Amino acid sequence: MHANGMLNVHSQRKPQQRGQALIEWLIVCLPLICLGSLLVEVSDWHMTRQRLALAAQRATTLASLEGGQTYRIMQALEQLLPADLRDTLEVCVTDPINELMHDFKDERLSRKLGFAVIRHDHLADQHRHWVAKGWPQGIGPRSRRDISQANRLNVRVVLNHQPASPWIRFFLPTIRIQSNHQAVMQSHRRHDESGCLRRQR
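So, here's what we can say about the structure. Just so it is clear, the structure is predicted and the values come from calculations on it, not from any experiment.

Inspection of every chain in the model, using the stated rule, returns three aromatic pairs. On the numbers, 5.8 Å between centres and 80° between planes, the contact of phenylalanine 104 with tryptophan 135 is edge-to-face. In this pair, phenylalanine 104 sits in helix H3 (residues 97-104) while tryptophan 135 sits in the loop between helix H5 (123-132) and helix H6 (147-150), placing the two residues 31 residues apart along the sequence. Residues tryptophan 130 and tryptophan 135 carry aromatic rings whose centres are separated by 4.6 Å and whose planes lie at 10° to one another, so their mutual orientation is stacked. In terms of burial, tryptophan 130 and tryptophan 135 fall into one category: buried. Between arginine 190 and the ring centre of phenylalanine 115, over which it is positioned, the NZ or CZ distance is 3.7 Å.

A separate point is the pattern of salt bridges. Applying the stated criterion to the full structure yields eight salt bridges. Here arginine 51 ties to aspartate 84 by a salt bridge, and the two come within 2.8 Å at their closest N and O atoms. With arginine 51 in helix H1 (residues 2-64) and aspartate 84 in the loop between helix H2 (70-80) and strand E1 (88-93), this pair connects stretches of sequence that are 33 residues apart. One salt bridge in this structure joins arginine 72 and glutamate 66, with 2.4 Å as the shortest N-O distance. Salt bridges linked by common partners bring Asp106, Arg119 and Asp121 together as one network.

Here we come to the sheet that holds strand E3 (residues 152-161). Taken in spatial order, the four strands of this open sheet run E4-E3-E1-E6, and their pairing is antiparallel. Of all the strands in the sheet, just strand E4 (175-184) and strand E6 (196-199) have a single pairing partner and so form its edges. Averaged over all pairs of adjacent strands, the angle between their axes in this sheet comes to 15°, without regard to strand direction. In this sheet, E4 lies alongside E3 in antiparallel orientation, the contact comprising ten bridges. Counterpart to valine 155 in the pairing with E4 is histidine 181. On the sheet, H2 packs against E1, E3 and E6 and is oriented at approximately 145° with respect to E1.

It is worth spelling out unusual backbone geometry at this point. The phi dihedral of histidine 122 is positive, around 55°, even though this residue is not glycine. Along the polypeptide, histidine 122 turns up in the loop between strand E2 (117-118) and H5. Unusually for a residue other than glycine, glutamine 137 sits at a positive phi of about 55°. With respect to the helices and strands, the residue glutamine 137 is situated in the loop between H5 and H6.

Further remarks concern the nonpolar core. Within the largest apolar cluster, 21 residues are counted, with the highest numbers of intra-cluster contacts made by Ile73, Leu77, Leu81, Leu89, Val91, Leu153 and Val157. When contributions to this core are tallied by element, the ones reaching two or more residues are H1, H2, E1, E3 and E4. Among the elements that line this core, the one with the most residues is H1, at five residues. The residues contacting isoleucine 73, other than those within four sequence positions of it, are Ala59, Ala63, Val91, Val93, Leu153 and Val155. Counting residues in hydrophobic clusters, the runner-up holds nine residues, among them Leu100, Trp135, Ile147 and Ala150.

Each value, and the rule that gives it
Residues numbered from 1 in each chain as written. Predicted model: local features only at pLDDT ≥ 70, side-chain atom pairs only at ≥ 80, totals over all residues. Heavy atoms only, no water. Phe/Tyr/Trp six-rings, centres within 6.5 Å; stacked < 30°, edge-to-face > 60°. Helix = DSSP H or I, 4+ residues; strand = E, 2+ residues; numbered from the N terminus. Buried < 20%, exposed > 50% of the residue type's maximum accessible area, 1.4 Å probe, protein only. Lys NZ or Arg CZ within 6 Å of the ring centre and 35° of its normal. Salt bridge = Lys/Arg side-chain N within 4 Å of Asp/Glu carboxyl O. Pairing = 2+ DSSP bridges. Axes fitted to C-alpha atoms, helices over the stretch in contact; angles between N-to-C directions. Contact = heavy atoms within 4.5 Å. Core = buried A, V, L, I, M, F, W, Y, C linked by side-chain atoms within 4.5 Å.

Function-wise, these values are silent; they only describe arrangement.
Have a look at this one:
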């Protein structure tokens, strides 16, 4: 009886010890797994942001050659972004284009071209014209900008990116990455009503 009792005690202790060891292993390893996943995600976020910034700046520069319209930036981004970054994407031209057009639209050139534009050349002559018109420092009354600022294309690109780590995805399905860019207009700036465009994969 005594021997059988000892065997029963030992047989009960072994599963308990294995269960306790598993719990201890989880307590030690789970923080390490979470830390490793976090490091992987930070590295992926940094690389994704860099790749987005390069493509977005290139797209902004290309758009400055073709009127500076939002849809041209989106088209360029769709071609320039790698396939793994073609998630939900938002492109916004952040300049107050209606106010800029009200202040600086070139009437003669717009009639010639058949659409509203802000002339991108002869900026010094234009600036003198607006100063002579009585605008302090050539600043437009509605846009609160001068002709040089009116010829800078300012763009905001937002990418909703899926985290690389499944551990992070469980808690955070998407990460919002924003990138801001500027380019000097290399063509006559066209009127653009779209403001922001959004594309979903």
